[in-house]
Amino acid sequence: MNESASARSLLGRVLLIGLAALLAFGATPAAAAERPRVGLVLGGGGARGAAHIGVLEVLREQRIPVDCVAGTSMGGLVSGAFAAGLSPDEMKTALAEANWRDMFKDNPDTSNLNSRKKYLSRRFVPGAEMGVTEDGVESLSGVLDGQKIKLFFNRLVHSEYGDPQIERLRLPLSIVSTDLVTGNKVAFRSGSLTKAMRASMSVPGLMAPVKDDSRLLVDGGLVDNVPIDEVRELCRADVVIAVNVGSPLLKPEEIGGVLSVSAQMVNILTEQNVTRSLATLRPRDIYIKPDLDGITAADFERYAETAERGRVAAAAMIPRLRALSVGERQYQDWWAHVAAPRGAPPTVGAVEIAELHRVNPAYVQRHLQGYSGAPLDLARLEGDVGRIYGDGEYQNVDYSLLPTRDKNILRVTPLEKQFGPDYLRFGVHLNSLMGEESVYNLRVAYDKTWLNSFGGEWLGGVQIGNEPKVFTEFYQPLDAAQRYFIDTRLVYQREQFGLYQNNDKLADYKADELRVDLLAGINVGLLGPVRFGWVDRRREASLDTGSPLLPEGDKRFGGWMAELDFDQFDRLYLPTQGWSAKASYFESPGEDYGKATADLRAAQHSGDYVLSGRVYAAGSPKGRLPNFDPVALGGFLNLSGFAPDQIIGDAAYYGSVRLEKIVGQFPLGIRGDLRVGAALEAGKVDGRFTETELDGWQSSFAVYAGGETPLGPVLFGIGYAPNGSTNVYLSIGTP
């Protein structure tokens with residue numbers, strides 16, 4: 001056989017093999033050769049973007065492979081997950097397991113905050129601090145840092161196997177964001193997948209921008225909400241499947257306040273770039289616009305309904321989509337190429353903390369014990385990363401698994417707040433009892449942190465209002481993990497109190513007090529601190545109005561004090577579950593008396609109902625409490641049918657049971673809820689200085705409404721006691 005014949009024979013065999021392979025894929029040679037390059041475009045729209053999952057279901061059922069994908073905002077999230085190999089079913093499962101309301105709150109539950117953070121959060125409005133830098137005062141760049149949202153992205157695309165890099169994905173991908181400085185479009189075609197997803201979903205004002213070198217990146221919907229040109233460049237798409245889930249413009253009657261006007265401005269910018277993008281569609285392209293009427297960009301909990309509407313819209317386009325369909329085996333091989341198999345969770349060889357400028361690495365390391373030598377436990381890692389963020393020193397905390405030649409390194413990256421470490425903190429409190437003078441206070445403090453490598457902190461400030469106060473505090477941890485500490489305070493304050501008999505106020509007193517605390521203590525994990533030390537007080541009481549029922553004058557006394565303050569509630573003020581235990585003992589050698597207090601609380605919820613209880617006792621194990629340091633009952637949820645501190649004496653006992661129903665939630669990104677509740681209370685005071693005829697246990701009842709808001713608790717209530725009176729209360733802000 002000559003060389004020409006041999007060549008013809010070889011060519012024939014190759015053609016036969018190729019033909020057999022094409023037939024095995026269920027398509028004709030012409031159909032396979034002519035399969036157009038398909039680019040999938042998933043537009044932004046917040047929660048409305050769950051409709052993309054329904055579209056992906058139809059594409060899977062119709063066996064339509066795509067050659068590249070591009071997305072913006074929520075479309076960037078879905079397109080990133082798709083390119084990382086997640087099926088529509090896996091995406092639905094992830095959305096079903098997500099706690100969306102919790103995800104839009106950066107901090108972990110209060111029970112997972114350290115004691116110092118709890119202390120500051122109860123005195124000052126959380127999240128309202130302002131940084132003090134060399135350039136002046138800086139405020140927060142968003143309501144949220146997006147901490148839990150970024151962790152959700154990590155979990156969604158399986159970052160426990162290593163941070164997915166866009167350029168290494170099997171399906172070409174582009175995710176669009178906006179440069180907040182220049183206004184230009186930024187398309188991520190390489191780099192960290194989760195960073196690109198987070199940047200594309202950074203709604204200005206709601207979520208802090210993502211810093212990328214010198215750029216500040218926010219939601220890509222501002223410049224290209226349906227990025228059709230991206231797939232034309234990315235894979236030279238012959239056919240574009242574009243899905244638009246953008247929010248419609250608000251109607252005139254829906255535009256009123258500042259928020260709605262701002263939202264409409266964003267909608268207008270988005271709609272304009274969408275119109276320009278859609279104008280580039282060609283006759284062969286396929287445009288899908290699901291009917292999402294009634295579903296807003298914040299309706300994440302309606303993901304299943306939203307996905308189904310996307311499915312319906314895509315199904316309506318099946319007659320056109322069929323032209324892009326391939327055989328079953330060809331489609332399965334394409335998907336197997338996109339969705340690379342994942343093995344067992346990798347074993348962590350070592351833990352590494354990224355470079356820190358102020359915070360001591362040991363302060364972070366205390367949360368990261370026991371990872372080396374074990375398979376990566378993602379749920380545990382997310383909890384520990386959340387606790388690191390909850391320490392309050394960081395703008396965000398992320399992690400990545402870095403494979404090296406001989407081991408996997410778990411790298412944790414806490415990004416310190418750029419506007420720290422000095423802060424201005426603010427607190428506000430209004431307390432009103434109908435028929436009495438209202439109490440209003442505004443609190444401002446300067447907080448200087450990380451004075452040394454152990455985290456020394458100075459806090460100084462003033463309070464103006466009915467109860468003026470000046471204070472300075474120095475808190476010095478004694479080890480890098482901040483387990484042991486010294487806590488010193490100097491406080492000057494004025495308070496007002498009334499004296500009652502038979503429910504009549506007979507006198508108003510004012511008392512000026514100078515107090516010095518010199519304490520040392522230990523933080524018992526995240527339970528709270530135990531302190532011990534010396535307290536010195538100088539108190540001067542004077543009659544303001546009424547009869548002189550108590551002696552006036554100046555009194556100085558001091559003594560040893562020990563206190564325990566454990567708190568495992570899930571919220572600062574109105575918890576849904578958890579417990580707290582507070583106890584203290586003060587003994588004054590010079591005045592020959594001791595004062596002990598114990599306060600136990602617990603809460604548990606079932607659905608929207610919260611049941612809570614409290615038991616309180618205080619008294620004098622040694623001697624008798626003097627009139628300048630007594631105990632008292634009275635006030636809202638402290639025997640509500642009596643005025644604040646109406647019953648004063650030597651020993652007090654109190655118990656209550658409360659039932660609350662959660663009747664509303666604040667919008668995503670704003671912490672807190674709305675409740676209505678009722679309380680049954682009982683208490684008694686022995687050795688009374690006031691209300692001397694109120695023998696035995698006193699009952700009280702209260703109904704109230706309100707909730708925990710960004711300003712602190714806001715409560716309106718009515719209290720009644722058979723032997724007291726009917727009181728109407730209003731309380732706003734941090735006590």
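As the structure is a computational prediction, the values presented were derived from the model and not from experiment. (Residues numbered from 1 in each chain as written. Predicted model: local features only at pLDDT ≥ 70, side-chain atom pairs only at ≥ 80, totals over all residues. Heavy atoms only, no water.)

Topic: the pairing of strand S26 (residues 609–622)
- In the sheet, strand S25 (residues 593–606) pairs with S26 via 12 bridges, with the strands oriented antiparallel. Looking at S26, one finds that alanine 596 is bridged to glycine 619.
- Linking two consecutive strands that pair antiparallel, namely S25 and S26, is a turn of two residues; a positive phi of about 65° is found at glycine 607 within it.
- Pairing analysis gives 10 bridges linking S26 to strand S29 (residues 651–665), with the strands arranged antiparallel. Paired with tyrosine 609 across the strands is lysine 661, a residue of S29. (Pairing = 2+ DSSP bridges. Helix = DSSP H or I, 4+ residues; strand = E, 2+ residues; numbered from the N terminus.)

Structural notes on the domain arrangement of the protein chain
- Each assigned domain of the protein chain is listed with its residue range as follows: domain 1 (38–105 + 145–247 + 283–339), domain 2 (347–416) and domain 3 (422–733).
- Summarising the inter-unit geometry, the C-alpha centres of domain 1 and domain 2 are found 28 Å apart.
- Facing the 11 residues of domain 1 at the interface are 13 residues of domain 2.
- Each partner contributes to the roughly 1100 Å² buried at the junction of domain 1 and domain 2, and carbon and sulfur atoms together form 52% of this total.
- Linking domain 1 to domain 2 there are two salt bridges.
- Notably, a salt bridge pairs glutamate 382 with arginine 155, separated by 2.6 Å at the nearest N-O pair. (Domains from an automatic or database assignment. Contact = heavy atoms within 4.5 Å. Buried area = accessible area lost by both parts, 1.4 Å probe. Salt bridge = Lys/Arg side-chain N within 4 Å of Asp/Glu carboxyl O.)

A few points about the nonpolar core
- Leu40, Phe82, Leu193, Ile241 and Ile288 are the most contacted members of the largest nonpolar core, which has 72 residues in total.
- Setting aside its immediate chain neighbours within four residues, isoleucine 241 contacts Val38, Gly39, Leu40, Val41, Leu59, Ile286, Ile288, Leu321 and Leu324. (Core = buried A, V, L, I, M, F, W, Y, C linked by side-chain atoms within 4.5 Å. Buried < 20%, exposed > 50% of the residue type's maximum accessible area, 1.4 Å probe, protein only.)

Re the UniProt feature "short sequence motif: GXGXXG" (unreviewed entry) in the protein chain
- Under the UniProt annotation, "short sequence motif: GXGXXG" (unreviewed entry) lies at residues 44–49.
- The span residues 44–49 carries 0% helix and 0% strand; its end-to-end C-alpha distance comes to 6 Å. (UniProt positions renumbered as here; feature names shortened; annotations may be inferred.)

Topic: a nonpolar patch on the surface
- The grouping of Val428, Leu442, Val462, Ile464, Val470, Leu490, Tyr492, Leu514 and Leu711 at the surface amounts to a nonpolar patch, some 720 Å² of accessible area in total.
- Only strand S18 (457–465) and strand S20 (484–501) provide two or more residues apiece to the nonpolar patch.
- Inspection of the secondary structure assignment puts valine 470 in strand S19 (residues 469–477).
- Note on valine 470: relative accessible area 45%, which makes it partly exposed. (Patch = residues over 30% accessible without salt bridge, like charges linked within 9 Å, V, L, I, M, F, W, Y side chains within 5 Å. Areas by Shrake-Rupley, 256 points an atom, 1.4 Å probe, with all protein chains shown as cover.)

Structural notes on unusual backbone geometry
- Looking along the chain, the bond that leaves glycine 420 and enters proline 421 is cis, with omega of 5°.
- Note on placement: proline 421 falls in the loop between strand S15 (408–416) and strand S16 (422–433).
- One non-glycine residue, serine 73, lies in the positive phi region at around 55°.
- Mapped onto the elements of the fold, serine 73 is located in the loop between strand S2 (68–72) and helix H4 (74–83).
- Serine 73 gets classed as buried once you look at its relative accessible area, which sits at 5%.
- Positive phi values are uncommon outside glycine, yet glutamine 482 reaches one of about 60°.
- A residue is classified by how much of its surface remains accessible, and glutamine 482, at 12% relative accessible area, is buried.

Overview of the sheet that holds strand S13 (residues 348–353)
- If you walk across this open sheet you meet the three strands as S13-S15-S14, and the pairing is mixed. Strands with a single pairing partner mark the edges of an open sheet, and in this sheet they are S13 and strand S14 (394–403). Geometrically, the sheet is characterised by an average inter-axis angle of 15° between neighbouring strands, direction not taken into account.
- Bridge count for S13 against S15 is five bridges, and the pairing is parallel. Along S15, the bridge assignment pairs valine 348 with asparagine 408.
- Lying over the sheet, helix H16 (residues 378–390) contacts S14 and S15, oriented at roughly 145° with respect to S14. (Axes fitted to C-alpha atoms, helices over the stretch in contact; angles between N-to-C directions.)

A word on the pairing of strand S32 (residues 712–720)
- In this sheet, S32 lies alongside strand S31 (residues 698–709) in antiparallel orientation, the contact comprising nine bridges. Note that in S32 the partner of glutamate 708 across the bridge is proline 713.
- Linking two consecutive strands that pair antiparallel, namely S31 and S32, is a turn of two residues.
- From the end of S32 to the start of strand S33 (residues 726–733), which pair antiparallel, there are five residues.

A look at the side chain of serine 115
- Here serine 115 shows up in helix H7 (residues 115–123).
- Residue classification places serine 115 among the buried positions, given a relative accessible area of 17%.
- Looking at serine 115, its side chain comes within polar contact range of the side chain of asparagine 523, at 2.8 Å.
- Setting aside residues no more than four positions away along its own chain, serine 115 makes contact with Asn523, Gly528 and Pro529. (Polar contact = N/O pair within 3.5 Å; in protein donor to acceptor, adjacent residues only side chain to side chain.)

A short note on the state of the cysteines
- This model, assessed by the stated rule, comprises one disulfide.
- Between the sulfur atoms of cysteine 68 and its disulfide mate cysteine 235 the distance is 2.1 Å. When the S-S torsion is -45°, as for the bridge of cysteine 68 with cysteine 235, the disulfide is left-handed. Within this pair, whereas cysteine 68 is found in strand S2, its partner cysteine 235 is found in the loop between helix H10 (228–234) and strand S11 (239–243), the two being separated by 167 residues in sequence.
- Cysteine 235 gets classed as buried once you look at its relative accessible area, which sits at 9%. (Disulfide = S-S within 2.5 Å.)

A word on the confidence of the model for the protein chain
- In the predicted model, the protein chain carries a mean pLDDT of 91, and the fraction of residues at 70 or more is 94%.
- Note on residues 1–33: pLDDT is under 50 here. Beyond four places in sequence and across chains, it has 13 contacts. (pLDDT = per-residue confidence, 0-100.)

Quick look at the side chain of glutamine 501
- With respect to the helices, strands and loops of the structure, glutamine 501 is situated in strand S20.
- Of note is the side chain of glutamine 501, whose polar atom sits 3.1 Å from the side chain of threonine 692.
- When neighbours within four sequence positions are excluded, glutamine 501 is seen to be in contact with Leu506, Thr690, Glu691, Thr692 and Glu693.

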